[in-house]
Amino acid sequence: MKIAFIGGGNMASAIIDGMLEQGSCSTDDLLISVSSEASVQRWRAKGVANTQIGASAAFAEADIWVLAVKPQIMEEVLLSYQGYFSSDKLVISVAAGLTVSSLAYFLTDSDDDTELKIIRTMPNTPSLIGEGVIGAYCSTAVTEHERELFNTLFKACGRIDLFEQESMLDAVTGLSGSGIAYVYLFAEALVEGAMALGYDQATAREHAVQTLKGATLMMEQSTDELATLRQSVTSKKGTTEQALRVFQANGLKEIVAAAMLAAHDRAQELATELAPKK
Ligand SMILES: NC(=O)c1ccc[n+]([C@@H]2O[C@H](COP(=O)([O-])OP(=O)(O)OC[C@H]3O[C@@H](n4cnc5c(N)ncnc54)[C@H](OP(=O)(O)O)[C@@H]3O)[C@@H](O)[C@H]2O)c1
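Residues numbered from 1 in each chain as written. Predicted model: local features only at pLDDT ≥ 70, side-chain atom pairs only at ≥ 80, totals over all residues. Heavy atoms only, no water.

(A) Representation of helix 4 (residues 100–108) in the model. Counting buried residues in helix 4 gives 7 out of 9 residues, a clear majority hidden from the surface. Listed as buried for helix 4 are Val 100, Ser 102, Leu 103, Ala 104, Tyr 105, Phe 106 and Leu 107. Next to the buried residues of helix 4 lie strand 4 (64–67), helix 3 (71–79), strand 5 (90–93), strand 6 (117–123), strand 7 (132–138) and helix 10 (252–274). Phi turns positive, to about 65 degrees, at Asp 109, one or two residues after helix 4. (Buried < 20%, exposed > 50% of the residue type's maximum accessible area, 1.4 Å probe, protein only. Helix = DSSP H or I, 4+ residues; strand = E, 2+ residues; numbered from the N terminus. Contact = heavy atoms within 4.5 Å.)

(B) Representation of the site of the ligand. Around the ligand lies a shell of 22 residues, among which Asn 10, Met 11, Ser 36, Ser 39 and Val 69 are the nearest. In the environment of the ligand, a nitrogen atom lies 3.4 Å from a nitrogen or oxygen atom belonging to the side chain of Tyr 81. Out of a free accessible area of 900 Å², the ligand has 80% covered by protein chains. Broken down by secondary-structure element, the contributors of at least two residues to the shell around the ligand are helix 1 (10–21), strand 2 (30–34) and helix 3. No other element matches helix 3, which puts 3 residues into the shell around the ligand. The residue makeup of the shell around the ligand, split by class, is 12 nonpolar, 9 polar and 1 charged. (Near = heavy atom within 4 Å. Polar contact = N/O pair within 3.5 Å; in protein donor to acceptor, adjacent residues only side chain to side chain. Areas by Shrake-Rupley, 256 points an atom, 1.4 Å probe, with all protein chains shown as cover. Nonpolar A, V, L, I, M, F, W, Y, C, P; charged D, E, K, R; others polar.)

(C) Looking closely at the pattern of salt bridges. In the structure shown here, the tally under the stated rule is 8 salt bridges. The partner of Glu 166 in a salt bridge is Arg 120, with the nearest N and O atoms 2.8 Å apart. With Glu 166 in the loop between strand 8 (158–163) and helix 6 (168–196) and Arg 120 in strand 6, this pair connects stretches of sequence that are 46 residues apart. In this structure Arg 120 comes out as buried when scored by relative accessible area, which is 6%. Glu 269 is the salt-bridge partner of Arg 266, the closest N and O atoms lying 2.8 Å from each other. Here Arg 266 pairs with Glu 269, and both are found in helix 10, just 3 residues apart, close to one helical turn. Take Arg 266: its relative accessible area is 36%, and that puts it in the partly exposed class. One connected set of salt bridges, linked through shared partners, spans Arg 266, Glu 269 and Glu 273. (Salt bridge = Lys/Arg side-chain N within 4 Å of Asp/Glu carboxyl O.)

(D) Molecular detail of the sheet that holds strand 5. Overall, mixed pairing links the 8 strands, which are arranged 3-2-1-4-5-6-7-8 in an open sheet. Edge positions in the sheet fall to strand 3 (51–53) and strand 8, since each has one partner strand and no second. Mean inter-strand twist for the sheet, computed between neighbouring axes without regard to direction, equals 20 degrees. Along the sheet, helix 6 contacts strand 6, strand 7 and strand 8; its crossing angle with strand 6, the most-contacted strand, is approximately 25 degrees. (Pairing = 2+ DSSP bridges. Axes fitted to C-alpha atoms, helices over the stretch in contact; angles between N-to-C directions.)

Geometric descriptors of this kind do not, in isolation, establish any biological role.
Listed below in structure tokens is the structure:
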């Protein structure tokens, strides 16, 4: 099985490193195209001899195409690959905001995507360390075997969930896609709050990160409801109760819901902005 990557940057590296580590493919199975000589040399040094700049006939031989260039240049890039595309290939896109129908148009110049096997994914950045969340949607032509193949190839990036509705990927954007930044913002707020209480910055950062990590591991290891976990560390008239009251009085849950909706709505807008201009 030959797997071609169009784009060999951060996201492609995460996927390829994971696949090689878990032995789901070898460097000989890979074909990678990039845009610079520096990247060609970097991939060759990692053992992927079939690395090149731009498109070539070798892409026609690949069974799987992984689309891993920036969304804004996908249309222009795929134009030069169209001649090597055929509908028997499985296409996996990691590009944010590009719908299955936009990708189908960029690949074939046609609106008819019924025959095309496209898996559109929405990964988040912890995929780079194997701790990502990957939401995915498969076009109807993708077979059960190809879904399993996708799972096998991408599982080293993190948790994978397939959705029946493509629109759910906008919701995935609102939670896991953008959510990493929400957590960073909360961590920043913890650090700033700790410094106001007398902490030095370095210790505040370490304590904030360890607190988030500890809470995350507790949530992961427990089968209790999240509210039960919260209640279990909130004694009547205690310190935590006072702090949580402040969050509640200032509408923390409403703020989070509004922020997620804003990310969701922007994802929908982006899909329109990135759609082919026919
Ligand atoms: N990074 C993440 O955590 C993350 C998370 C979610 C989704 N994504 C999605 O992943 C995709 C890639 O993002 P990234 O972070 O990996 O970007 P990146 O590190 O900038 O990589 C982009 C790659 O595209 C290559 N490229 C540019 N023009 C090309 C062309 N004409 N033909 C072939 N390759 C070309 C670049 O080549 P050079 O190496 O020579 O510059 C580079 O290898 C994006 O669509 C993004 O939405 C990324």
